[in-house]
Amino acid sequence: MVQSTSSTPPGSDGLTCYEKKQAFNPLVSYLHTTRYKHLIRLFTKLSTQAPSRTLRVVDIGCAHAKAFHILNSRFNITYIGIDQDETLSGIARARYSEHPNFKIITGSIADHYDEFQNTDVILALETLEHIPENLVVRIIEQIALAQPAAFMCSVPNEVGPIILVKNIGSLLTGYMRHKEYTWAETLHAALFNLDKVETHGTGHKGFDWRWLAQTIRHNMRIDQIHTNPFDWLPKTFSLSIIFICLRKP
């Protein structure tokens, strides 16, 4: 699930606007690979624990289903992607529908909680910041009730000094992500003063990963928190935050 500005049809190169943003320059492209490195490590661990098992995956806000592209060539999976954007889900369907282990659902995750049942891994990669927070709480509760072997999500860090780095970097490189903020809001967010920033809706501005972390903790055990691009970075200077929850043995 991504912002509507990302859902334009693919151009002559076959890439969506969303994919072009992720490959804007070599640095941006590299920074977007971090979550997939952790995704592969997670599935390697789960596959090692049960080599003969087909892992059932539900991907919330799957967009063009890059997670399927990455996982399917490496692991034994069945995959269900859910995204309410008709253009992006249509692109995913066109690219991967010939695979018998691939399924795409166009619609709100709120209407498809039943897909969580008997699922091994639930993913929400760069998704939850684009969903109203009251619905995020319900989603986390439903995931906890389903008790998957693993839940992994990644979200951008939009609070603390890193937001100043991100938005100035965006301005200097022409990436345009800073356009969502006023410069006064960028400064207030960098100083942790979110009361001076427009209330978070379904974009990046005003999103506080710490609220999400606490919501997850109330429902599941967080096994790992990773920072981007390196785990040795303090969370304050991490570009994004990655959570991995594992079911207790």
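One structure accompanies this document, and this report is about it. (Residues numbered from 1 in each chain as written. Predicted model: local features only at pLDDT ≥ 70, side-chain atom pairs only at ≥ 80, totals over all residues. Heavy atoms only, no water.)

Looking now at a nonpolar patch on the surface. Together, Leu-164, Ile-168, Leu-171, Leu-172 and Trp-183 make up an exposed nonpolar region whose accessible area comes to about 490 Å². Sorting elements by how many residues they give to the nonpolar patch places helix 7 (residues 161-173) first, with 4 residues. Along the polypeptide, Leu-172 turns up in helix 7. Since its relative accessible area comes to 71%, Leu-172 is described here as exposed. (Patch = residues over 30% accessible without salt bridge, like charges linked within 9 Å, V, L, I, M, F, W, Y side chains within 5 Å. Areas by Shrake-Rupley, 256 points an atom, 1.4 Å probe, with all protein chains shown as cover. Salt bridge = Lys/Arg side-chain N within 4 Å of Asp/Glu carboxyl O. Helix = DSSP H or I, 4+ residues; strand = E, 2+ residues; numbered from the N terminus. Buried < 20%, exposed > 50% of the residue type's maximum accessible area, 1.4 Å probe, protein only.)

Between Asn-228 and the following residue, Pro-229, the backbone shows a cis peptide bond with an omega angle of 10 degrees. Inspection of the secondary structure assignment puts Pro-229 in the loop between strand 6 (222-227) and strand 7 (240-246). Positive phi, close to 60 degrees, is recorded for Asn-118, a residue that is not glycine. Residue Gln-147 is not a glycine yet carries a positive backbone phi of 55 degrees. Inspection of the secondary structure puts Gln-147 in the loop between helix 6 (133-146) and strand 5 (150-156). Among the residues examined, Gln-147 registers a relative accessible area of 52% and is labelled exposed.

On the basis of which strands lie adjacent, the open sheet formed by 7 strands has the order 3-2-1-4-5-7-6 and mixed pairing. Looking along the sheet, the strands with just one partner apiece sit at the ends: strand 3 (102-106) and strand 6. Across the sheet, the axes of successive neighbouring strands diverge by a mean angle of 15 degrees, strand direction being ignored. (Pairing = 2+ DSSP bridges. Axes fitted to C-alpha atoms, helices over the stretch in contact; angles between N-to-C directions.)

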